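Chain residues, written in single-letter form:
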Amino acid sequence: MASGNNLMEKLQDEVSCSICLEYLKDPVTIDCGHNFCCMCISDYCERWSTAGAALCPQCRAGFLQSTFRPNRQLANIVEGFEQLALQTDKEPMEKLCEKHGKKLHLFCEDDGEAICLVCDKSREHRSHTVIPIEEAAQDYKTKLQDTLDLLRQLMGEIAKLQAQEGKKTTQWKEKVRARRELIVAEFAKRHQALEEEKQLLLQRLEEDEEETLRKLQENTAFLVEQSSSLVQLMSEIEQKCQGNRVRLQKPEAVHTELQDSYDVPRVRETLQKYRVDVTLDPSTANAYLLLSQDQQRVRVSEKRQDVPNNPERFDTCTCVLGRQRFTAGRHYWEVDVGEKTSWTLGVCEESVSRQGIFTPSPATGFWTIWLRNGDEYAALTSPLTELMLRVKPRQIGVFLDYEAGEVSFYNVTGSSHIYTFHDTFSESLRPYFYPGVRAGGLNDAPLSLQPGTE
């Protein structure tokens, strides 16, 4: 096999041009007997000939350009050899150069490919860095081994990171589980505490009910006894015709009003999550109202203010609306009424009349409560519903539940519920404020909106 390969290489040398190092194309023979590609030797002569004579590139013998002889027989041999070199699949043999059919002894680092000795001397690779193919193979083995070691190192680091992430995942799930159990436990405690407090309040209410009913029954029995005595006395008087004066004894008074202490505790804490910032809308304020720059306080002025006469403004009643419009959800805000002797607070429909004098009521689109004469509280229903408050409120809480159709009022000062309207809402609702009349300066203090966050 080795001798066969050497023979092939020798034959390749014979059919190759020593100028271009490729297989001979259109071979011609010069005077010294050497063969070259017709194009290669013609170019050579154009560059190096003198008076039509030149030296052979291979043996340096002189020749004339006019004596070129085409070598048809050699051309046929070259063609046959090219076909023979391409038939590499007929018997297993070492891979050869596709262009020259020679062994690939070298490696071109610039092109990254194996080449033969002829390729090395060709124009294509003449300026490239070329090394023995065994050396290149060893270099690539080293590089591949280094890359493999690096990849193994990266795989180890990835495995460590995966383990760390798995540990973090387990820890996070444990934290979530613990926090979930804590939340459930805390709410269970709150539910239990509220249930116990509810049972205590219900028990107190039941005891008061029984005590009040007992007193009322005693009063009824007392009155029945008095009635019987009076009937007997009347009978005696009629018999004796005597004018004895008889006085009726009134039974002991029994209070039938429920105490504020029956209100559900910590209602304000529950309402805080629905707390909203409410500000006053200057475009709706009556001309005799003064609004603060932050639009959170309003009071009545002695003089009319120079304001535009727009249709949204209350032209007669000294009222003002909040900027906010509510069409859904739950909303809670607080108003500081201080020591004022007169005010009206609540909500109203967007479409309420702004002209002339009107009476607020649910029928006209208002759900409000008021204070008059310093101590007279009422819900503005039709007719009015008088409200009995044990503690004078300095702050009023207003809670709107649009979907439930409820507007509730709370005495923030006394931590108690005042009144709740029940209705059905069909349009936008806005906060409503009436700071009352000045009353000779006794009611000059402003209504002040409390910030939405504490």
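Residues numbered from 1 in each chain as written. Predicted model: local features only at pLDDT ≥ 70, side-chain atom pairs only at ≥ 80, totals over all residues. Heavy atoms only, no water.

As recorded in an unreviewed UniProt entry, the chain goes by the name RING-type E3 ubiquitin transferase, listed as coming from Pelusios castaneus. The heading Subcellular location (unreviewed entry) in the UniProt record of the chain holds the text "Cytoplasm". (UniProt positions renumbered as here; feature names shortened; annotations may be inferred.)

A. Quick peek at the sheet that holds strand E20 (residues 429-434). Pairing is antiparallel across the open sheet formed by six strands, whose spatial order is E11-E20-E13-E14-E15-E16. Looking at the sheet topology across the chains shown, the edges are occupied by strand E11 (320-321) and strand E16 (385-387). When strand E14 (residues 366-372) meets strand E15 (residues 376-379), the two strands line up antiparallel, connected through four bridges. In the sheet register, Ile369 faces E15, and the bridge partner there is Ala379. (Pairing = 2+ DSSP bridges. Helix = DSSP H or I, 4+ residues; strand = E, 2+ residues; numbered from the N terminus.)

B. Summary view of the side chain of Arg313. Residue position: Arg313 is located in the loop between strand E10 (297-300) and E11. For the buried Arg313, which has no salt bridge, the nearest side chain bearing the opposite charge is Glu312, at an N-O separation of 7.0 Å. Side-chain polar atoms of Arg313 contact the backbone oxygen of Pro282, separated by 3.0 Å. Discounting residues that sit within four places of it in the chain, Arg313 has contacts with Pro282, Ser283, Thr284, Ala285, Asn286, Val307, Pro308, Arg354 and Gln355. (Buried < 20%, exposed > 50% of the residue type's maximum accessible area, 1.4 Å probe, protein only. Lys, Arg positive; Asp, Glu negative; His and termini not counted. Salt bridge = Lys/Arg side-chain N within 4 Å of Asp/Glu carboxyl O. Polar contact = N/O pair within 3.5 Å; in protein donor to acceptor, adjacent residues only side chain to side chain. Contact = heavy atoms within 4.5 Å.)

C. Structural view of the pairing of strand E17 (residues 395-401). Of all seven residues that make up E17, seven are buried, and the element is covered over most of its length. Both faces of E17 are covered, namely the face carrying Gln395, Gly397, Phe399 and Asp401 and the face carrying Ile396, Val398 and Leu400. Examined bridge by bridge, E17 and strand E18 (residues 406-411) share six bridges and lie antiparallel to one another. Paired with Gly397 across the strands is Tyr410, a residue of E18.

D. Quick peek at the sheet that holds E18. Pairing is antiparallel across the open sheet formed by seven strands, whose spatial order is E9-E10-E21-E12-E17-E18-E19. The open sheet is flanked by strand E9 (289-291) and strand E19 (416-422), the only strands paired with a single partner. Taking each pair of neighbouring strands and ignoring which way they run, the sheet shows an average axis angle of 20°. Sheet topology places E10 next to strand E21 (residues 447-449); two bridges connect them, and they run antiparallel. From the neighbouring strand, Val298 faces E21, where its bridge partner is Leu447. (Axes fitted to C-alpha atoms, helices over the stretch in contact; angles between N-to-C directions.)

E. Molecular detail of the side chain of Ser448. Within the secondary structure, Ser448 sits in strand E21. Apart from the residues lying within four places of it in its own chain, the contact partners of Ser448 are Gln296, Arg297, Glu334, Val335 and Asp336.

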